[in-house]
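# Notes for the structure review
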Amino acid sequence: MLIAQISDTHILPKESDQPAASLRADCLRRAVADINGQKPDAVIFTGDTTQHGSPEEYALLRELLAPLDAPLYLVPGNRDNKDALRTAFSDHPELPDSGDFLHYTVEKHSVRLVAIDSTSPGERKGRLCPLRQAWLDGVLSEQPDRPTLLFIHHPPFDVGDHYVGGYRRQEESVALADIVSGHSQVIGLLCGHVHWPVETRWAGTEARIMPSIAVDVRKGVDETEANGRPIYFLHRLLGATAIVSDTRMVDDQKGDSDFKCQVK
Ligand SMILES: [Fe+2]
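Note that this is a predicted model, so its numbers are computed, not measured.

## Concerning helix H1 (residues 19–38)
Helix length check: H1, at 20 residues, gives a terminal C-alpha distance of 30 Å against a target of 28 Å (1.5 Å per residue), a fit within 8%. Taken together, the buried positions of H1 are occupied by Arg24, Ala25, Cys27, Leu28, Ala31, Val32 and Ile35. Within H1, the buried residues cover an arc of 155° as seen down the axis, which keeps them to one side. H1 presents Pro19 and Gly37 as exposed residues on the side facing more than 90 degrees away from its buried surface. Contacts made by the buried residues of H1 are with strand E1 (2–6), strand E2 (42–45), helix H2 (55–65) and strand E10 (231–238).

Here it is in structure tokens:
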């Protein structure tokens, strides 16, 4: 199974006169075209799809994502508006059409996907309240032997000096680690939010943070090499429990990833 991950596109309205508006739209357009060339089985979008969560931004987002061939699975970021996102993607049956949380599981692939909602309205930091903790522990308990990949916007761990105390309540990020470490079928956690590429061990599994697709807010990438090209991740399942994560630079005529890292 091949999974493409994109994150933090921060799309602005089509009518915006900000220079970043056309740049960010172009980044996503190029990423989508490149992803189609890789023929993944699924595309995971780890939040901050839009800048302000407005219907106009979601309208452009839908337009830019429409050419995707593979099924698309989204979780909200702190920049998203859950109701507007739900409305814009009302044809996505996996997205709950009511309730406070946009979390769900996807059962139709060889790897089980679990989307975790770490957002709360008006809150920049991550949240995983007791209701969501119970939901996650419950769904992971349902299928303890099936390889499972988690995705979420807010990383539940610090990243050097760049991202410290990313959850409003530290006990909630600790609870997330406790839950995941109790379920050995979890093969990885995919995150966004920091705009900075990171790979680390966490809670007995491997975690990855995607840099932002929007290149004007991207950090931690060698821009002399990337040269303004959008970057996304390709996660390839090897056997039942191993994933190799490649970083893909869009428009790379060589067709090769620039590094490879063993997730598990
Ligand atoms: Fe972001």
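What follows picks up the thread again.
## Some words on the environment of Met249
Among the secondary structure elements, Met249 is positioned in strand E11 (residues 242–249). What makes Met249 partly exposed here is the crowd of 18 C-beta atoms within 10 Å. Once the C-alpha coordinates of Met249 and Glu225 are considered, the two residues, 24 residues apart in sequence, prove to be 9.7 Å apart.

## Focus on the sheet that holds strand E7 (residues 186–195)
Reading across from one edge, E4-E5-E6-E7-E9-E8 is the order of the six strands in this open sheet, with mixed pairing throughout. Because the sheet does not close on itself, it has two edges, and the strands there are strand E4 (104–106) and strand E8 (198–202). Between one strand and the next, the sheet's axes are offset by a mean angle of 20°, whatever the strand orientation. Of the strand pairs in this sheet, E7 and strand E9 (residues 205–211) are connected by four bridges, and their pairing is parallel. In the strand pairing of E9, His195 is matched with Pro211.

## Let's talk about the packing of H1 against H2
At a closest axis distance of 9 Å, the pairing of H1 and H2 adopts a crossing angle of 30°. As the angle between them shows, H1 and H2 are arranged roughly parallel. Considering how the two elements wind past one another, H1 and H2 form a crossing that is right-handed. Counting all contacts with H1, which are made through Ala25, Leu28, Arg29 and Val32, the residues of H2 involved are Leu60, Leu64 and Leu65. Of the residues contributing to the contact of H1 with H2, the split by class is six nonpolar, no polar and one charged.

## Focus: the environment of Arg127
With respect to the helices and strands, Arg127 occurs in the loop between strand E5 (112–115) and helix H4 (130–142). Residues Arg127 and His154 lie 27 residues apart in sequence; the distance between their C-alpha atoms is 8.3 Å.

## Quick look at unusual backbone geometry
A positive phi angle, close to 50°, is found at Asp8, a residue other than glycine. As for its position among the elements, Asp8 is in the loop between E1 and H1. Despite not being glycine, Asn227 has its phi angle at roughly 55°, a positive value. By the secondary structure assignment, Asn227 is in the loop between helix H6 (223–226) and E10. A count of 10 C-beta atoms within 10 Å places Asn227 in the exposed class.

## Observations concerning the confidence of the model for the protein chain
Per-residue confidence for the protein chain gives a mean pLDDT of 93, with 94% of residues at or over 70. Low pLDDT, under 50, characterises residues 253–264; the stretch is placed with 26 contacts to residues that sit more than four places away or in other chains.

## Some words on the nonpolar core
Counting 67 residues, the largest nonpolar core has Ala31, Phe151 and Tyr232 as the members making the most contacts within it. Setting aside residues up to four positions removed in sequence, Phe151 forms contacts with Ile44, Thr46, Val75, Ala115, Ile116 and Leu190.

## Things to note about the pairing of E10
Within a regular strand, the side chains alternate between the two sheet faces. For E1 and E10, the ladder comprises four bridges, and the chain directions are antiparallel. Each bridged residue has a counterpart across the sheet, and for Leu2 the counterpart in E10 is Arg236. Where E10 and E11 come together, eight bridges link them in antiparallel fashion. From the neighbouring strand, Arg236 faces E11, where its bridge partner is Val244.

Definitions and cut-offs
Residue indices begin from 1 for each chain and proceed along its sequence in written order. Residue-level local features of this predicted model are given only where pLDDT is at least 70; pairs of side-chain atoms are given and counted only at 80 or more, and the full residue set underlies all totals for whole chains, interfaces and linings. Counting from the N terminus, the helices are the DSSP runs of H or I reaching at least four residues and the strands are the DSSP runs of E reaching at least two. A helix is expected to reach a length of 1.5 Å times the quantity of its residues less one. Exposure classification rests on a simple neighbour count of other C-beta atoms within 10 Å of a residue's own: a residue reaching 20 or more is buried, one at 12 or fewer is exposed, and one in between is partly exposed. C-beta atoms are placed from the backbone. The arc under discussion is defined with respect to the helix axis, by the directions toward the C-beta atoms. Placing C-beta atoms from the backbone, we regard two residues as in contact once those atoms come within 7 Å. When DSSP finds two or more bridges between two strands, those strands count as paired. Inter-axis angles, ranging from 0 to 180 degrees, are taken between N-to-C directions of lines fitted to C-alpha atoms, where helices are fitted over the stretch in contact. Here is the rule for angles: anything less than 35 degrees is roughly parallel, anything more than 145 is roughly antiparallel, 65 through 115 is roughly perpendicular, and the remaining ranges are oblique. For any pair of crossing helices, the crossing counts as left-handed if the nearer helix is rotated counterclockwise from the farther one by less than a right angle, and right-handed if it is rotated clockwise. As a working rule, the residues Ala, Val, Leu, Ile, Met, Phe, Trp, Tyr, Cys and Pro are called nonpolar, Asp, Glu, Lys and Arg charged, and the rest polar, with Gly in that last group. Think of pLDDT as the predictor's per-residue confidence, scored from 0 to 100. Nonpolar cores are identified as sets of buried Ala, Val, Leu, Ile, Met, Phe, Trp, Tyr and Cys residues joined via C-beta atoms within 7 Å.

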